[in-house]
Amino acid sequence: MKYLLTIGFKGFRMDMAEHVPETLFEGIPKDTFIVGEVWTTMNYGHDGRLAYDQDNHRQRIMNYVDRHDGICSAFDFTTKGILQEALTKNEYYRLKDNMNRPAGVNGWWGEKAVTFIDNHDTGGQNQWVFSHDMNTILRGYAYIMSHPGLPCVYIDHMNDAIIDMIQIRQRCLGELQESELMIQDAGDIYQSVYGNLACSINHDSYKLWVV
């Protein structure tokens, strides 16, 4: 890792991160970007439905970040699971916790949450895929591009609409760093404002804009 940094690499992705020893990062500069994969089963009720409260799930991911003294970020699997359930079933109440914050890791520690829709496992190997419907996928990206966290785009999804969302977020980065997310509606539709970045999502469309 130290050698790769000397030749221009800026960061690392840790697979099965819970099994990576803390000593691996000794001597690695604090500004190195490291993101870990902590993929655990989400919480389900006796009826087989995804539980509303996913605090235990996101806490397990936060434990990884805490164990490394905040040096590492983590993929926000909690947000992925909640978001795909909310958008495929129009259950927007899932997108806020009981403190009116985002219900994933990004609601607790946005600076360390790498939000995503799919990756090489979920999308590439069709394991727990977000959706095969592009409209649902775009609504998912509208959410992660307009919320706390570091949004990560799955390369197979990249298109002009997502590029437009990236550019809108980049225009707002200065405001986002100093702002808290405000969830305005999580009922029949979902609406939020994060700094000067606003988002609206309903069952078949989305809107992302600068306010």
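Quick note: structure is the one above.
Residue indices follow the written sequence of each chain, beginning from 1 at its first position. Given that the model is predicted, a residue must reach a pLDDT of at least 70 before its local features are reported, and side-chain atom pairs must reach 80 or more before they are shown or counted; all residues, however, enter totals for whole chains, interfaces and linings. Values reported for side chains reflect all heavy atoms of the structure, with hydrogen atoms and water molecules removed beforehand.

(A) Region of the structure containing the packing of aromatic side chains. For Phe, Tyr and Trp, rings pair up if their centres lie within 6.5 Å, where Trp contributes its six-membered ring, and each pair is then called stacked (planes under 30 degrees apart), edge-to-face (over 60) or tilted (otherwise). Counting across every chain of the model gives 6 aromatic pairs. Relative to W128, the ring of W39 has its centre 6.2 Å away and its plane inclined at 25 degrees; by these criteria the two rings are stacked. Of this pair, W39 sits in the loop between β2 (33-36) and α2 (55-67) while W128 sits in the loop between β4 (113-114) and α4 (134-145), and the two are 89 residues apart along the sequence. Relative accessibility under 20% of the residue-type maximum defines a buried residue, over 50% an exposed one, and the middle range a partly exposed one, all with a 1.4 Å probe and only protein chains included. Classification of W128 by relative accessible area gives partly exposed; the value is 27%. Considering the side-chain rings of Y143 and Y190, the 5.7 Å spacing of their centres and the 55 degrees angle between planes classify their relative orientation as tilted. With a gap of 47 residues between them, Y143 in helix α4 and Y190 in strand β6 (residues 190-194) connect regions that are remote in the sequence. Judged by its relative accessible area of 1%, Y143 falls in the buried class. The helix and strand labels rest on DSSP assignments: H or I over at least four residues marks a helix, E over at least two residues marks a strand, and numbering proceeds from the N terminus.

(B) Layout of the sheet that holds β4. Spatial ordering of the open sheet is given by β1-β2-β3-β4, a layout of 4 strands whose pairing is parallel. Each edge of the open sheet is held by one strand with a lone partner, namely β1 (11-14) and β4. Two strands pair under a simple rule: DSSP has to find at least two bridges between them. Here β2 pairs with strand β3 (residues 73-75) via 2 bridges, running parallel. The partner of G36 across the bridge, within β3, is A74.

(C) The environment of A51, seen in detail. Inspection of the secondary structure assignment puts A51 in the loop between β2 and α2. With 43 residues separating them in the primary sequence, A51 and R94 have C-alpha atoms 9.1 Å apart.

(D) Spatial organisation of helix α5 (residues 160-176). To estimate how far a helix should reach, multiply one less than its number of residues by 1.5 Å. A rise of 1.5 Å per residue sets the reference length of α5, with its 17 residues, at 24 Å; its end C-alpha atoms lie 23 Å apart and thus fit the reference within 8%. Turning to α5, its buried residues are I162, M165, I168, R169, C172 and L176. We call two residues in contact when some of their heavy atoms are within 4.5 Å. Buried positions along α5 lie against α4, β6, β7 (197-201) and β8 (206-210). Its side-chain oxygen at 3.1 Å from the backbone nitrogen of A161, N159 defines the N-terminal cap of α5. Pairing of N or O atoms within 3.5 Å defines a polar contact, subject to two protein rules: one partner must be a possible hydrogen donor and the other a possible acceptor, and residues neighboring in sequence count only if both atoms are side-chain atoms.

(E) Representation of helix α3 (residues 77-89) within the structure. The terminal C-alpha atoms of α3, which comprises 13 residues, lie 18 Å apart, in line with the 18 Å expected from a rise of 1.5 Å per residue. The element α3 is extensively covered by neighbouring structure, given that 11 of its 13 residues are classed as buried. Taken together, the buried positions of α3 are F77, T78, T79, K80, G81, I82, L83, Q84, E85, A86 and L87. For α3, the elements touching its buried residues are α2, β3, α4 and β7. Two residues or fewer after α3 comes N90, characterised by a positive phi angle close to 55 degrees.

(F) Spatial organisation of the nonpolar core. Take the buried residues of types Ala, Val, Leu, Ile, Met, Phe, Trp, Tyr and Cys, join any two whose side-chain atoms come within 4.5 Å, and each joined set is a nonpolar core. In this structure, L83, L95, Y141 and Y190 are the most contacted members of the largest nonpolar core, which totals 33 residues. Contributing elements (two or more residues each) for this core: α3, α4, α5, β5 (181-186), β6 and β7. Counting residues per element, this core draws most heavily on α4, at 7 residues. What L95 contacts, discounting residues up to four positions off in sequence, is I82, L83, A86, R101, P102, A103, Y143, I183 and Y190.

(G) Region of interest: the pairing of β1. On β1, burial follows the alternation: F12 and M14 on one face are buried, whereas G11 and R13 on the facing-out side are not. For β1 and β2, the ladder comprises 4 bridges, and the chain directions are parallel. Its bridge partner being in β2, G11 is matched across the sheet by F33.

(H) Expanded view of the sheet that holds β6. Reading across the sheet, the 4 strands line up as β5-β6-β7-β8 and stay open at both edges, with antiparallel pairing between neighbours. At either end of the open sheet lies a strand with only one pairing partner, and these are β5 and β8. Each adjacent strand pair in this sheet contributes to an overall mean axis angle of 10 degrees, direction not counted. As judged from the 5 bridges shared by β5 and β6, these two strands associate in the antiparallel manner. Among the inter-strand pairings, A186 is bridged to a residue of β6, identified as Y190. Lines fitted to C-alpha atoms define the axes, with helix axes restricted to the stretch in contact, and inter-axis angles between N-to-C directions lie between 0 and 180 degrees. The strands that α4 touches are β6, β7 and β8; relative to β8, the one it contacts most, it runs at about 30 degrees. Sheet strands in contact with α5 are β6, β7 and β8, and its direction is about 40 degrees off that of β8.

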